Amino acid sequence: MTIHIGAKPEDIAETVLLPGDPYRAKWAAETFLEDVKLVNEVRGMLGFTGTWKGNPVTIHGSGMGMPSLSIYVNELIKDYGAKTLIRIGSCGGMQKKVDVRDVILAMTATSLNTPSSGIFKEINFAPCADYDLLRAAADAAAQKGTKTHVGGIYSSDVFYDERPDLNEQMVRHGILGVEMEAAELYNLAARHNCRALAVLTVSDHLLTGDALPSDQRERSFGDMVEIALEAAFA
Ligand code: HPA
């Protein structure tokens, strides 16, 4: 048990999938895992552990934004021994070639700041995904026929952004999509010698204004969960 996670030490698997939304953790665990057990509900941040094809997996909410993710990922790694951490979340598309429903595999995550900025000081650290996970996820997505993009994303600190010039620079430099968590997940994985990846479904589009209708969200998010699980155990 830690400050924010009520699970027993043996209740968290080495492989953890991290949706932002605790209810998406519940849905993903109940839909894709067997022998599912609720292992955390402190502050309503739900975590579940079960098995996928016989492999132990925890699916735990990260909350929204890097400070929240940092709390859970620090405790999952340092107190519970998590080794492979895969964010499964949504993002806003930032390139014309990216459509809603597409999957983005985040090779790198650009940011203005992360909770690790205080440690890095003058270092402009480049947070990047684990290559084996990235390659396995790309293979799994190709196998499923999911339209997938691999490249850089932007981990922002604000959803209601009032600096359109920043998004313009991201678009200009080929950034595929914007979300709010991956950069710090990659920083923490690098610091603690863990494997990390962010698998993202494009839920809305900053250039076109398109958005995934609510009745199609579940199906699209399901593809992302399967890609993450295939990658984790490839
Ligand atoms: N901004 C930040 N995070 C997001 C967005 C967005 O437009 N869409 C989904 N996650």
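Residues numbered from 1 in each chain as written. Predicted model: local features only at pLDDT ≥ 70, side-chain atom pairs only at ≥ 80, totals over all residues. Heavy atoms only, no water.

## Observations concerning the packing of helix α1 (residues 22-32) against helix α7 (residues 214-232)
Thinking step 1. One way to put it is that α1 packs onto α7 with a least axis distance of 11 Å and a crossing angle of 70 degrees. Between α1 and α7, the crossing angle belongs to the class labelled roughly perpendicular. Crossing angle aside, the handedness with which α1 passes α7 is right-handed. Of the residues in α7, those touching α1 at R24, W27, A28 and F32 are E218, F221, G222, V225, E226 and L229.
Thinking step 2. In the contact of α1 with α7, the residues fall into six nonpolar, one polar and three charged. (Axes fitted to C-alpha atoms, helices over the stretch in contact; angles between N-to-C directions. Helix = DSSP H or I, 4+ residues; strand = E, 2+ residues; numbered from the N terminus. Parallel < 35°, antiparallel > 145°, perpendicular 65-115°, else oblique. Left-handed = near helix turned anticlockwise from the far one by under 90°. Contact = heavy atoms within 4.5 Å. Nonpolar A, V, L, I, M, F, W, Y, C, P; charged D, E, K, R; others polar.)

## Side note on the site of the ligand
Thinking step 1. Around the ligand sit S90, C91, G92, F159, V178, E179, M180, S203, D204 and L206, and that is every residue in its neighbourhood.
Thinking step 2. Backbone polar atom of G92 to a nitrogen atom of the ligand: 3.3 Å apart, as the coordinates give it.
Thinking step 3. Contact distances for the ligand include 3.0 Å between a nitrogen atom and a side-chain N or O atom of D204.
Thinking step 4. Protein chains bury 88% of the 260 Å² of accessible surface belonging to the ligand in isolation.
Thinking step 5. Among the detected pockets, the ligand sits in the largest pocket.
Thinking step 6. If you list the elements that add at least two residues to the shell around the ligand, you get β5 (84-93), β8 (177-179) and β9 (195-205).
Thinking step 7. Examining the composition of the shell around the ligand, we find that three residues originate from one element, β5, more than from any other.
Thinking step 8. Class assignment of the residues belonging to the shell around the ligand gives a composition of five nonpolar, three polar and two charged. (Near = heavy atom within 4 Å. Polar contact = N/O pair within 3.5 Å; in protein donor to acceptor, adjacent residues only side chain to side chain. Areas by Shrake-Rupley, 256 points an atom, 1.4 Å probe, with all protein chains shown as cover. 1 Å grid on protein atoms, 1.4 Å probe; cavity = no way out; pocket = protein on both sides within 12 Å on 5 of 7 lines; lining within 4 Å. Sits in = over half its atoms within 2 Å of the grid points.)

## Thoughts on the layout of surface pockets
Thinking step 1. In this structure, the largest pocket occupies an estimated 570 Å³ of space.
Thinking step 2. Looking at the largest pocket, it is lined by 23 residues, and the ones nearest its centre are S90, F159, V178, E179 and M180.
Thinking step 3. Taken together, the elements giving at least two residues each to the lining of the largest pocket come down to β5, β8 and β9.
Thinking step 4. Among the elements that take part in the lining of the largest pocket, β5 stands out by supplying five residues, more than any other.
Thinking step 5. When the residues that make up the lining of the largest pocket are grouped by side-chain class, the tally is eight nonpolar, seven polar and eight charged.
Thinking step 6. Roughly 300 Å³ of internal volume is contained in the second largest pocket. (Points joined across faces, edges and corners; volume = space filled by probe spheres on them.)

## Structural notes on the packing of aromatic side chains
Thinking step 1. In this structure the tally under the stated criterion is four aromatic pairs.
Thinking step 2. Between W27 and F32 the ring centres are 5.8 Å apart and the planes differ by 85 degrees, which places this aromatic pair in the edge-to-face class.
Thinking step 3. Ring centres 4.7 Å apart and planes at 15 degrees place the aromatic pair F120 and F125 in the stacked group.
Thinking step 4. For F125, a relative accessible area of 34% gives the class partly exposed.
Thinking step 5. Stacked on the ring of F221, the Lys or Arg R24 has its end atom at 3.9 Å from the ring centre. (Phe/Tyr/Trp six-rings, centres within 6.5 Å; stacked < 30°, edge-to-face > 60°. Buried < 20%, exposed > 50% of the residue type's maximum accessible area, 1.4 Å probe, protein only. Lys NZ or Arg CZ within 6 Å of the ring centre and 35° of its normal.)

## Here's the deal with the side chain of H149
Thinking step 1. The residue H149 is located in strand β7 (residues 148-155) in this model.
Thinking step 2. The class of H149 is buried, set by a relative accessible area of 9%.
Thinking step 3. When residues no more than four places from it in sequence are discounted, the contact partners of H149 are K97, V98, D102, V103, I104, L105 and L176.

## Looking at unusual backbone geometry
Thinking step 1. In this structure, K53 is a non-glycine residue whose phi angle is positive, near 50 degrees.
Thinking step 2. Structurally, the position occupied by K53 is in the loop between β3 (47-52) and β4 (55-60).
Thinking step 3. A relative accessible area of 63% places K53 in the exposed class.
Thinking step 4. Despite not being glycine, K121 shows a phi value in the positive range, around 50 degrees.

Any functional reading would require information beyond the geometric quantities listed.
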